[in-house]
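Residue strings, one per chain:
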Amino acid sequence: MALIKLTALSYDYPNTRGLDQLNLEINSGDFVCLMGPNGSGKSTLLRILSGLENASQGDYHFDGQAITADYLANPQDRQRLHQQIGLVFQNTDVQLFNTSVAEEVAFGPRQLGLSDAEVAQRVTDCLDLTHSSDLRERVPYQLSGGEKKRVALASVLALNPKVLLLDEPLNGLTIAAQQQMLTLLQALRAAGKTIVMASHNFKQVQAIEPRFVIFNVAHQIQADLSAAELAAQPEQQAELLTL
Ligand SMILES: Nc1ncnc2c1ncn2[C@@H]1O[C@H](COP(=O)(O)OP(=O)(O)OP(=O)(O)O)[C@@H](O)[C@H]1O
Ligand SMILES: [Mg+2]
């Protein structure tokens, strides 16, 4: 059974369509890169997968559970979903709200009711994993863009979710920091995480051979290709280089 299953899923903003009739299955352990033009629906899809929004039409199932408006309205159910599928936002400023980095990363595990010792361990581990230990006592909103991205990822990892959603995690990073982020994502994939990221950095992402789910301007899935399938399609590759 697919971990994530979308069936004829559409999403409408007040004045415009965000997603049109998506059918998509993502299995446990998949590494998916969402690509497509600006405004094609990548961020909207990540918000729906994380449970921040619910579909206007169609169905979303996570691990066999229908994620409906009613389900998301129940705080316990909502928390259960958030513990399993965590989103690192495109704009990390909206994600970081605590007074220190250590507090930021501790927030989620505390909400789960873990003991102080377990919370402390998770903070240390996740800051270490994201190369952010030196930021521990800093104020999150005063960090640089790249530092904020690492701390936001640490705070999501601290919940130990099955699925990691990342909205343009390479945006604004130096080439060296992009490589470091991709190396970390590969390590998380090797550790069994399912990863869905949106990116415009085709060349860098191609190197780690994800499955590519490609959107068009009509907010539909235009193509869904493994890295090997994509390698056999030079025209599709040329198009991705322009996104
Ligand atoms: N809060 C909103 N209110 C109204 N329309 C929105 C809102 N957010 C997104 N949209 C619209 O929904 C569509 C999909 O936007 P989305 O942000 O999902 O695209 P995207 O693929 O992530 O683009 P980008 O590559 O620029 O990040 C676009 O037409 C956009 O204008
Ligand atoms: Mg986006």
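Per chain, the residues get numbers from 1 upward, laid out in the order the sequence is written. Chain labels run from A onward and ligand labels from 1 onward, assigned in the order the entries are written. Side-chain atom pairs in this predicted model are given and counted only at pLDDT of 80 or more, local residue features only at pLDDT of at least 70, and totals for whole chains, interfaces and linings cover all residues. Side-chain measures were taken over the full set of non-hydrogen atoms in the model, leaving aside hydrogen atoms and water.

Student: Any chance you could explain the coordination of the magnesium ion (ligand 2) here in plain terms?
Tutor: A four-donor tetrahedral metal ideally has 109.5 degree angles, and a six-donor octahedral metal ideally has angles of 90 or 180 degrees. The donor set covers N, O and S atoms within 2.8 Å of the metal, switching to 3.2 Å for Na, K and Ca, and it leaves out water, so a site may look short of donors. Within the protein, Ser 43 (OG) and Gln 90 (OE1) serve as the donor atoms for the magnesium ion (ligand 2), at 2.0 to 2.6 Å. Residue Ser 43 is found in helix α1 (residues 42-49), and its partner Gln 90 is found in the loop between β6 (85-88) and α4 (101-111); the two are separated by 47 residues along the sequence. With relative accessibility at 23%, the residue Ser 43 sits in the partly exposed group. Only DSSP runs of H or I reaching four residues or more are called helices, and only runs of E reaching two or more are called strands; each is numbered from the N terminus. Per-residue accessibility, obtained with a 1.4 Å probe over protein chains only, is compared with the maximum for each type, and a residue is labelled buried under 20%, exposed over 50%, and partly exposed between these values.

Student: It is not clear to me how the site of ligand 1 should be interpreted in this structure. Could you clarify?
Tutor: If you check the shell around ligand 1, you find 15 residues, and the closest are Gly 39, Lys 42, Ser 43, Thr 44 and His 200. A distance of 2.9 Å is found between an oxygen atom of ligand 1 and a side-chain nitrogen or oxygen belonging to Asn 38. Interatomic distance of 2.5 Å between a side-chain N/O atom of Thr 44 and an oxygen atom of ligand 1. Using a 1.4 Å probe, accessible areas were evaluated by the Shrake-Rupley method; residue-level cover was limited to the displayed protein chains. Expressed as a share of its isolated accessible area of 640 Å², the protein-covered part of ligand 1 is 64%. Here the shell around ligand 1 takes three residues from α1, the largest share from any one element. Residue classes follow a fixed rule: Ala, Val, Leu, Ile, Met, Phe, Trp, Tyr, Cys and Pro count as nonpolar, while Asp, Glu, Lys and Arg count as charged, and any other residue, Gly among them, counts as polar. Grouping the constituent residues of the shell around ligand 1 by class yields two nonpolar, eleven polar and two charged. Whether a residue is near a molecule or strand depends on its heavy atoms: it is near if one of them lies within 4 Å of it. The term polar contact refers here to a pair of N or O atoms within 3.5 Å; inside protein, the definition further demands a hydrogen-donor-capable atom paired with an acceptor-capable atom, and it admits residues adjacent in sequence only when both atoms are side-chain atoms.

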